[in-house]
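# Structure assessment
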There are 2 protein chains.
Amino acid sequence: MASHERIPKWKGLAVLSSDALSSVAYATEEILIPLALVGVAALAYSVPISLAIVILIAIVTLSYRQTIEAYPGGSGAYFVVKENLGVRAGLVAGAALLIDYTLTVAVSVAAGVENIASAVPFFQAHKEAMGAIIILMIMFFNLRGVRESASIFALPTYLFILSFLILIAVGIWKLATGAAVPEAPLIHETYPVIPTILLLRAFSSGCAALSGIEAISDGVSLFRPPMQKNAKITLVWMAVILSTLFLGITSLSHIYGVIPHEHETAVSVLGRKIFGESFFYYVLQGSTAMILILAANTAYSDFPRLSSFLAKDRFLPRQLASLGDRLVFSNGILGLSLAAAFLIFIFKGDTHHLIPLYAVGVFLSFTLSQAGMVRHHLRKREKGWVGSIFFNLTGAMTTFVVLVVIASTKFAAGAWMVILLIPIFVIIFMRINAHYLEVGKQLSLIGQEAPPRLEPIKHTVIVPISGIHRGVIDALRYALSISNDVRACYVEIDPETTERVKAEWKKWAREIPFVVLKSPYRSVIAPLLDYIDDVEQTTHDEMLTVVIPEFVTAKWWQQVLHNQTAFLIRAALMFRRRKVVTSVRYHLKGT
Amino acid sequence: MASHERIPKWKGLAVLSSDALSSVAYATEEILIPLALVGVAALAYSVPISLAIVILIAIVTLSYRQTIEAYPGGSGAYFVVKENLGVRAGLVAGAALLIDYTLTVAVSVAAGVENIASAVPFFQAHKEAMGAIIILMIMFFNLRGVRESASIFALPTYLFILSFLILIAVGIWKLATGAAVPEAPLIHETYPVIPTILLLRAFSSGCAALSGIEAISDGVSLFRPPMQKNAKITLVWMAVILSTLFLGITSLSHIYGVIPHEHETAVSVLGRKIFGESFFYYVLQGSTAMILILAANTAYSDFPRLSSFLAKDRFLPRQLASLGDRLVFSNGILGLSLAAAFLIFIFKGDTHHLIPLYAVGVFLSFTLSQAGMVRHHLRKREKGWVGSIFFNLTGAMTTFVVLVVIASTKFAAGAWMVILLIPIFVIIFMRINAHYLEVGKQLSLIGQEAPPRLEPIKHTVIVPISGIHRGVIDALRYALSISNDVRACYVEIDPETTERVKAEWKKWAREIPFVVLKSPYRSVIAPLLDYIDDVEQTTHDEMLTVVIPEFVTAKWWQQVLHNQTAFLIRAALMFRRRKVVTSVRYHLKGT
């Protein structure tokens, strides 16, 4: 990216943190739900749990500061892991990330819809449909290739931060002035005894708050110089804002006695309690929905980018490597949209059911990425490597412990699907790679003697015809231009018509031999294939070309009325060696 | 069909009447259901209604005897109507028949499943799934092209006739010996007053008994000589058997007090009452299911045959005309199966909900066909034409009245769908026809002066390459053989690679100009299209050929890893005039 296109820190924050910040919209609620299963008293744990998560945010942030330092080009977990822990580990990270990007879309859109439906209950019954519509919209914008300008991101991101800060400030103000009466103290003197597993589950769910935290370290190259310094500062800003909002919302939710509710998000309940049904409440809900949709949108650039990296390394179809061609790019966007919409329908648009799938991949890629960094420092031993190793090792170990906690406490709730999918993806990546390597070997010219010159091949041309018309004349003239041995062949359905066609042939194309093929079973294809075999055996040519007259119709639906025989011939010859099938198309005028 | 392949009457009956006879399995029940809505007393009407239907059978049979006389080749309603009432009326009959064949499959399979589920209640909860499995089985047999020998049909058809005759005989015997006590008299002295509309509805539903009655007149050519005489005799046999079984089952159902039941067919209830849970009962249910499946199977030859007639007349895609090619035939079978399975799922495998759709089309084609016969006699005035006209006119008028009754009493219950679909089909047929006529005009050489000889065209050949390997060498040699002006072009992604490829080029293919295309936006397709435009404007050739090296992979799934660029080029050039895209395929070995 040219230097003048680079962005200042405040824009970088907007572009790269929508995913991380938007998780504040659902993380608190995810902590409350498992606790509420035990009883309202258990909700007291939400504050200490969120404190633990804030500590986790701090550890991961310090760890990613090291990544920014070591990879100023800005590089995702796939690269860091592949370079330091080997290709297989890199593929595991790649698989986890691809799944995560899909889940980012599903979770963010679902949470966005839930927040809209909390404010406007009409949408309550149409959550899946609304999710689908939002995905369609994001898809449409991305297909049109609207250039994302940093400014588009800035407004909703800062509006979101501002509205949440105001919510927290007003919430505290009301408590301080006595305008609101606390339903529970922030810190309890005694906490109820509840099963550890439930505490761990609540913690695991809350860890969704960390998703997207790595985005700034992936995008270092977007920043104005000094890039690394700016990126590190932005990362810390982001972590501080994320922690403040998350801790603020969770604490106030507890003090204000927010209880998770099926038809309303925790943020919406808190918003109503603090703002009432005022204008501010709707701004809060609107900005929450907007940043969530923005977060979903980020996956639409991350997913194809990672796919193209994998494709360049020959782990995905080669074509995905070139992002320049509209059609390729479109397929990626379409695939991502379908997968996300599918998830939303399967899980009925319920964020709560998607989160268990989400967190596993997020922490798997954290762990691998940080472990890769530890290895990096051990190998490079650059200045200050001991300190760096301390941060990355702490990060790797902490996120690994969290990964194990999430995978075990959320296994049955859906984490198993991701744990199953990741190795499947890795196997697919590796089989694709093995195929490309083998093909490379087969095609290689290395060690071969180059011939003095390229020799043209000799080939017979067969033109199957069903009558004589302008399209056929074009095909015959083309055939004459590409070989000296051209034969037209005609499959006889009834002898009378054959005579008529023969007579016309003498008038229009007497220089080309006209071969009549009998068809005892009324098949058009079988006699043609037999004839091709015959020709092959008698001419001993290196190749044989079939030139088929085809039509291009003026309207798409008319296409089904033509060229079916051409299609059948093509299909029949598909796997035969040394055959070339060429269509000479005749363009029909609109009818 | 050669004379020695022709079949005797008893086999003809088996082959051609499974559709007609099998309707005995559901027609009685269809009469009972609307009557039962008023109360058990109303069921008394079932006997007079079935008598009316038997009279209708007689009228239609006498009418179709005339068709056999006039069309000894054996000809369906489409031909008779087209020839006598014009093309549009013929298309209406054709549309009605195509819909009916589909419904024959759906109704017969649904009724077959209901009879199996009546005997084995386990299947009660799995009716749709079982219907789908049976359709899959029929589809499989038809796709495999198992030749239907008349013997395969004979066994289940005669087993069905026999088991129903035994049922009726034992039923009467038990009544006569006092082993069973009649719950109602055959003929009541007084009948309850019920709304006429309900009587008409019951009658309309019972008319499903007539479906398939025309099959013998369509298949005259299958019979041994004297064909027409044999066909007429078989038709009368069939009508007598159908009437006997239908009247017998309906009368006994009434006397034995059979009341329609959601989870058991009327035939099954009657079977249990007469046979008890004996071996005979299971034979009865088994043979009923078998003849119903056989009836569904007949549609699998009728549907593609009628489609091919319509295609020959250019009302359906031309390709459907040739039944000889497996792929074409397969598509028809697949389409029919999908449509029938769809109907079964939509209507939850319930015969009762499918019947209203069925009867409209059946009687519409009867009416048109008989009316066509009237017209035929008026024009030909062959020996005995006055008598013939009497039968056909009676037939036409009667079936027309029944058609109006069915269409009006069953309109809301589903007949509207068919009434809506038929004109849509006709419009589609006519638009297809108009298209083919217009294309014929555009392609016509009539009135054109034939040139002294066919001139080859001049064309430039462009070979897009992404590197040099065996596949490319083949493509280049092919290109050299088809034109004197061959150019290879390479889209540059990074300049380093370009230099490497250029060096290899000098070694392997120095005689072909190597054109490097820059790609500022990393698109592969866009620069290539620009280059093609350039070449076109400078050479002024009549055509331009793009030769693309492609791969054929050893395993199908590997195909997705190759040839994507070829696909994109093909798609991009699809609608451009005077371009030929040729693939030279390189076969990869298994990896």
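Bear in mind the structure is a predicted one, so any value in this text is a computation, not a measurement.

## Thoughts on the confidence of the model for chain A
When pLDDT is averaged along chain A, the result is 90; 97% of the residues meet or exceed 70. Scored by ipTM, the complex comes to 0.74, with pTM at 0.72.

## Brief notes about the environment of A:Ser466
Residues and elements named next belong to chain A. With respect to the helices, strands and loops of the structure, Ser 466 is situated in the loop between strand 1 (459-465) and helix 17 (470-482). Note on Ser 466: 15 C-beta atoms within 10 Å, which makes it partly exposed. Separated by 201 residues in sequence, Ser 466 and Thr 265 place their C-alpha atoms 68 Å apart.

## Things to note about helix 14 (residues 351-380) of chain A
Residue and element names in this part refer to chain A. When the terminal C-alpha atoms of helix 14 are compared, their 42 Å separation across 30 residues agrees well with the 44 Å that a helix rising 1.5 Å per residue should span. A maximum bend of about 30° is found in helix 14 at Leu 357. Within helix 14, 26 of the 30 residues are buried, which leaves it mostly tucked inside the rest of the structure. Backbone geometry just downstream of helix 14 places Arg 381 in the positive-phi region, at approximately 50°.

## A short note on the domain arrangement of chain A
The parts lose accessible area when they come together, and the size of an interface is often stated as this lost area. What the domain assignment reports for chain A is domain 1 (14-436) and domain 2 (459-587). Between the C-alpha centres of domain 1 of chain A and domain 2 of chain A there is a distance of 60 Å.

## A closer look at helix 8 (residues 196-206) of chain B
Listing the buried residues of helix 8 of chain B in full gives B:Leu199, B:Arg201, B:Ala202, B:Phe203, B:Ser204, B:Ser205 and B:Gly206. Against the buried residues of helix 8 of chain B lie helix 2 (24-36), helix 3 (46-70), helix 14 (351-380) and helix 15 (385-409) of chain B.

## Considerations on the pairing of strand 1 of chain A
Remark: a regular strand shows side chains that alternate across the two faces of the sheet. Residues and elements named next belong to chain A. Summarising burial for strand 1: six of the seven residues are buried, a large majority. Direction of pairing for strand 1 relative to strand 4 (residues 543-552): parallel, over a ladder of four bridges. The residue of strand 4 that forms the bridge with Val 461 is Thr 545. For the segment spanning strand 1, helix 17 and strand 2 (residues 486-492), crossover handedness is right-handed.

Quick notes on the rules
- Position numbers for residues start from 1 in each chain and track the written sequence from start to end.
- The order in which chains are written sets their letters, starting at A; the order in which ligands are written sets their numbers, starting at 1.
- Thresholds applied to this predicted model are a pLDDT of at least 70 for local features of residues and 80 or more for the giving and counting of side-chain atom pairs; totals over whole chains, interfaces and linings are not thresholded and use all residues.
- pLDDT is a residue-level measure of predictor confidence that goes from 0 to 100.
- Secondary structure elements are defined from DSSP: runs of H or I of at least 4 residues count as helices, runs of E of at least 2 residues count as strands, and each element is numbered from the N terminus.
- Counting other C-beta atoms within 10 Å of each residue's C-beta, where C-beta atoms are placed from the backbone, gives the exposure class: buried for 20 or more, exposed for 12 or fewer, partly exposed between.
- In this analysis, the expected span of each helix is defined as 1.5 Å times one less than the number of residues it contains.
- A residue's bend is simply the angle between two axes: one fitted to the seven residues ending at it, one to the seven starting at it.
- Boundary definitions for the domains trace back to an automatic or database domain assignment.
- Throughout, a pair of residues is in contact if the C-beta atoms placed from their backbones lie within 7 Å.
- When DSSP finds at least two bridges between two strands, those strands are taken to pair.
- For the handedness criterion, the strands are oriented away from the viewer, and a crossover whose path from the first strand over the helix to the second runs clockwise is classed as right-handed.

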